[in-house]
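Coordinate analysis (summary)
This is what each chain is made of:
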Amino acid sequence: QDLYQHPDYYLLDELLTDEHKLIRDSVRAYVKKEISPIIEDYAQKAAFPSQIIKGLGELGCFGPFVPQEYGGAGLDYISYGIMMQELERGDSGIRSTASVQGSLVMYPIYTYGSEEQKKKYLPKLATGEWMGCFGLTEPDHGSNPAGMLSNYTDAGDHVILNGSKMWISNAPFADIAVVWARNPEGKIKGLIVERGMEGFTTPETHGKWSLRASATGELVFDNVKVPKENILPNVEGLKGPLGCLSSARFGIAWGALGCAMDCYDTALRYSQQRIQFGKPIGGFQLTQKKLAEMITEITKGQLLVWRLGVLRSEGRATPEQISMAKRNSCNISIQIAREARQILGGMGITGEYSIMRHMMNLESVITYEGTHDIHLLITGQDVTGFNAFK
Ligand code: TGC
Ligand code: FAD
């Protein structure tokens, strides 16, 4: 980790501003000091290192695109992407925590919330004093959230929420949950559910072989009384949660590349030092093929997410463009992790190196926020005009 060389084969640093590079350096230094030394241990014991929350807040990793008046930093989307890249180079579970807080909790409150909701929640979420989670997926509705069953009925100054969500990142420790449920007219609305509301529980999901340093759980609503002032007033329908996913998927497109960079860097250095048959394994053509293909895919991926960052910062990135980048980054990263693991031979399966942890984490990353195939179908629909989902 200490010797990490950031891959920049096409001199893409020249496309970044000094502020971007400063942000990258500070998040990278934080990851090196606070995350890399402990993350393997936390992943092995399947625990979330909650002590890092304060530092992530201080660094501005929670909702950096939110304006300063609400506690954010008002940064552009390339800055956000760079932060996610550096965090995920440390661990996808850590990036997940920041993604959920920024894109799936702060973004909807900022974009769809009332002024009172923004003032009440955003500054505390930006520092990490309060942590949030995002409840869209249900036991029977994963790729197809339009079928969700969670719902609420009207009861005067509050509503009564029933239903359940599963696979929810940060749920076990979150102070609030942004939850998507049907209103009495059957329309999808967002609600802010707070820990401590009667009938609201968050059982933890155990036994994961992936994202082990991230806490995952369910959200269970058993006649939960939610004040009407906690309903997000400015959006209705599936475009509400899907809009949040666009922000999070954008961050993942950058983040997954961080894993790829770490795996490539580790494998490259190992190949230069490991001697077999009297010479470094990096001298064998088959090893070079692996490394050359890795750096080619990383470079293509870097160009894709940089351009996407420009478009997103200008408000021009389409959901379909974001899908393409999320899918591509996850796909190349998981393949690079598998090839990098091979280059390390037996050492590749141990926790002494980060590769196997990245590889297992990426199985979640390629699945959540829309699976590999769902994103393919989004591109397919966009280019052909035909909807293959239904
Ligand atoms: P469809 O009819 O296509 O769309 C409904 C409405 O939404 C609009 N829309 C979007 N808006 C913003 N951003 C997007 N990405 C959008 N995609 C669609 C669309 O224009 C339409 O608007 P309107 O005004 O016409 O109503 O909806 P559909 O039911 O056909 O679904 C399409 C599909 C399959 C692509 C969608 O359901 C989907 O993306 N499914 C995948 C589900 C998913 O990604 N779940 C993620 C759960 S959260 C999570 O995994 C967090 S992990 C966090 C971590 O730990 O990092
Ligand atoms: P399914 O939808 O059942 O899909 C199973 C398979 O069928 C997939 O291969 C899929 O591609 C395929 N498939 C489905 N429909 C089609 C189709 N029309 N055509 C072709 N193939 C299809 N959700 C949240 O709301 N909040 C969170 O914070 C969150 N965090 C998560 C953390 C982790 C660790 C994990 C693993 C998941 C998380 N999720 C979260 C849920 C995640 O978004 C879903 O797992 C994902 O959307 C897929 O849903 P599913 O697991 O129900 O799979």
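Shown above is the structure to which this text applies.
Here is what the cut-offs are and how they apply
- Residues numbered from 1 in each chain as written.
- Chains lettered and ligands numbered in written order.
- Predicted model: local features only at pLDDT ≥ 70, side-chain atom pairs only at ≥ 80, totals over all residues.
- Heavy atoms only, no water.
- Helix = DSSP H or I, 4+ residues; strand = E, 2+ residues; numbered from the N terminus.
- Expected span 1.5 Å × (residues − 1).
- Buried < 20%, exposed > 50% of the residue type's maximum accessible area, 1.4 Å probe, protein only.
- Arc of directions from axis to C-beta.
- Contact = heavy atoms within 4.5 Å.
- Near = heavy atom within 4 Å.
- Polar contact = N/O pair within 3.5 Å; in protein donor to acceptor, adjacent residues only side chain to side chain.
- Areas by Shrake-Rupley, 256 points an atom, 1.4 Å probe, with all protein chains shown as cover.
- Nonpolar A, V, L, I, M, F, W, Y, C, P; charged D, E, K, R; others polar.
- Phe/Tyr/Trp six-rings, centres within 6.5 Å; stacked < 30°, edge-to-face > 60°.
- Pairing = 2+ DSSP bridges.
- Axes fitted to C-alpha atoms, helices over the stretch in contact; angles between N-to-C directions.
- Parallel < 35°, antiparallel > 145°, perpendicular 65-115°, else oblique.
- Salt bridge = Lys/Arg side-chain N within 4 Å of Asp/Glu carboxyl O.

**What to know about helix α10 (residues 372-384)**
Between its first and last C-alpha, α10 extends 18 Å over 13 residues, near the 18 Å set by a 1.5 Å rise per residue. Those residues of α10 that fall on the buried side of the exposure criterion are Ile-374, His-375 and Ile-378. Along the axis of α10, the buried positions cluster into a sector of 100°, meaning they face one direction only. Buried residues along α10 sit against α6 (239-273) and α8 (319-343). Of the residues trailing α10, Gly-385 is marked for its positive phi of about 85°.

**Some thoughts on the site of ligand 2**
Inspection of the region around ligand 2 gives 18 residues, with Thr-137, Ser-143, Trp-167, Ser-169 and Thr-371 positioned closest. Within the contact set of ligand 2, an oxygen atom lies 3.0 Å away from a backbone nitrogen or oxygen of Leu-136. Trp-167 has a polar backbone atom sitting 2.7 Å from a nitrogen atom of ligand 2. Its free accessible area being 980 Å², ligand 2 has 66% of it covered by the protein chains. If you list the elements that add at least two residues to the shell around ligand 2, you get β3 (158-169) and α10. Here the residues of the shell around ligand 2 are counted per class, giving 9 nonpolar, 7 polar and 2 charged.

**A word on α6**
Two residues of an α-helix separated by three or four positions point the same way, owing to the 3.6 residues in each turn. For α6, spanning 35 residues, the distance from its first C-alpha to its last is 51 Å, which sits close to the expected 51 Å at 1.5 Å a residue. In terms of burial, α6 is a largely internal element, 30 of the 35 residues being buried.

**What about the packing of aromatic side chains?**
The description of an aromatic ring pair rests on the distance of the ring centres and on the angle between the ring planes. Counted according to the given criterion, the structure contains 17 aromatic pairs. Where Tyr-112 meets Trp-180, the ring centres are 6.3 Å apart and the plane angle is 85°; that geometry is what we call edge-to-face. Of this pair, Tyr-112 sits in helix α4 (residues 92-112) while Trp-180 sits in strand β4 (residues 176-182); the two residues are 68 residues apart in sequence, bridging distant segments of the chain. With a centroid separation of 5.5 Å and an interplanar angle of 10°, the aromatic rings of Phe-200 and Phe-221 are classed as stacked. Here Phe-200, found in strand β6 (residues 200-201), pairs with Phe-221, found in strand β7 (residues 216-227); they are 21 residues apart in sequence, far enough to count as distant. Comparing Phe-200 with Phe-221, the two get one shared label, buried.

**Comments concerning the pairing of strand β2 (residues 151-155)**
Of the strand pairs in this sheet, β2 and β3 are connected by 5 bridges, and their pairing is antiparallel. Bridged to Asp-154 within β3 is Val-159. Between the end of β2 and the start of β3, which pair antiparallel, lie 2 residues, with Gly-156 showing a positive phi angle near 80°.

**Some words on the packing of helix α3 (residues 77-90) against α4**
Where α3 meets α4, the axes come as close as 7 Å, and the angle between the chain directions of the two elements is 150°. On the basis of the axis angle, α3 is roughly antiparallel to α4. Contacts between α3 and α4 pair Tyr-77, Tyr-80, Met-84, Leu-87 and Glu-88 from the former with Ser-92, Ile-94, Arg-95, Ala-98, Ser-99, Ser-103 and Tyr-107 from the latter. Here the contact of α3 with α4 is built from residues that sort into 7 nonpolar, 3 polar and 2 charged.

**Quick notes on the pattern of salt bridges**
Summed over the entire model, instances satisfying the criterion amount to 19 salt bridges. The salt bridge partner of Arg-357 is Asp-91, with a shortest N-O separation of 2.7 Å. Residue Arg-357 is found in helix α9 (residues 355-365), and its partner Asp-91 is found in the loop between α3 and α4; the two are separated by 266 residues along the sequence. Judged by relative accessible area, which is 1%, Asp-91 ranks as buried. A salt bridge links Lys-300 to Glu-297; the shortest N-O distance between them is 2.9 Å. On the criterion of helical spacing, the pair formed by Lys-300 and Glu-297 is a turn pair, its members being 3 residues apart in helix α7 (residues 285-313).

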